[in-house]
Amino acid sequence: MKLYRFLSAPDDSSFCHKVTAALNKGWHLFGSPTYAYDKKTKSMRCGQAVVKDVEGHDYTPDTKLSDW
């Protein structure tokens, strides 16, 4: 199965740690990172899509992506 996640966090080290953790679990960057202003929190937020191929498993809507 191919999995897709979009990671987002405030523009601070928590975003880098979140992406680094995903890369160390075998996820791969997909596309360019994003950077946008959140009017509600009045702060900048970062985002990055990641993908992962997992053999021998079938995707279902109950698949918890963070477990992979």
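The shown structure was predicted, so the numbers you read here are calculated from the model rather than taken from an experiment.

Colleague: What am I meant to see in the environment of T20 here?
Modeller: Here T20 shows up in helix α1 (residues 13–24). For the pair formed by T20 and P33, sequence separation is 13 residues and the distance between their alpha carbons is 13 Å.

Colleague: Help me understand the UniProt feature "domain: DUF1737" (unreviewed entry) in the chain, please; the structure alone is not making it clear to me.
Modeller: Per the UniProt annotation, the sites labelled "domain: DUF1737" (unreviewed entry) are residues 1–53. Helix makes up 23% of residues 1–53 and strand 58%, whereas the separation of the span's terminal C-alpha atoms amounts to 6 Å.

Colleague: Would you mind showing me how to read the sheet that holds strand β3 (residues 43–53) here?
Modeller: Within a beta sheet, neighbouring strands are joined by backbone hydrogen bonds and run either parallel or antiparallel to one another. Read from one edge of the open sheet, 3 strands run β1-β3-β2, paired in antiparallel fashion. Of all the strands in the sheet, just β1 (2–10) and β2 (28–38) have a single pairing partner and so form its edges. Across the sheet, the axes of successive neighbouring strands diverge by a mean angle of 20°, strand direction being ignored. Judged from the 9 bridges that link them, β1 and β3 form a sheet pairing that is antiparallel. Looking across to β3, one finds that L7 is bridged to Q48. Together, β1, β2 and β3 form the strand contacts of α1, whose direction differs from that of β1 by roughly 160°.

Colleague: Would you explain the packing of aromatic side chains in this entry?
Modeller: How two aromatic rings sit relative to each other is set out by the distance from centre to centre and by the angle between their planes. Following the criterion strictly, the structure yields 1 aromatic pair and no others. For the ring pair Y4 and F30, a centre distance of 6.4 Å and an interplane angle of 85° mean the geometry is edge-to-face. With a gap of 26 residues between them, Y4 in strand β1 and F30 in strand β2 connect regions that are remote in the sequence. Residue Y4 is classed as partly exposed on the basis of its relative accessible area, which comes to 47%. Over the ring of W27 we find R5, and its NZ or CZ is 5.4 Å from the ring centre.

Criteria and thresholds
Residues numbered from 1 in each chain as written. Predicted model: local features only at pLDDT ≥ 70, side-chain atom pairs only at ≥ 80, totals over all residues. Heavy atoms only, no water. Helix = DSSP H or I, 4+ residues; strand = E, 2+ residues; numbered from the N terminus. UniProt positions renumbered as here; feature names shortened; annotations may be inferred. Pairing = 2+ DSSP bridges. Axes fitted to C-alpha atoms, helices over the stretch in contact; angles between N-to-C directions. Contact = heavy atoms within 4.5 Å. Phe/Tyr/Trp six-rings, centres within 6.5 Å; stacked < 30°, edge-to-face > 60°. Buried < 20%, exposed > 50% of the residue type's maximum accessible area, 1.4 Å probe, protein only. Lys NZ or Arg CZ within 6 Å of the ring centre and 35° of its normal.

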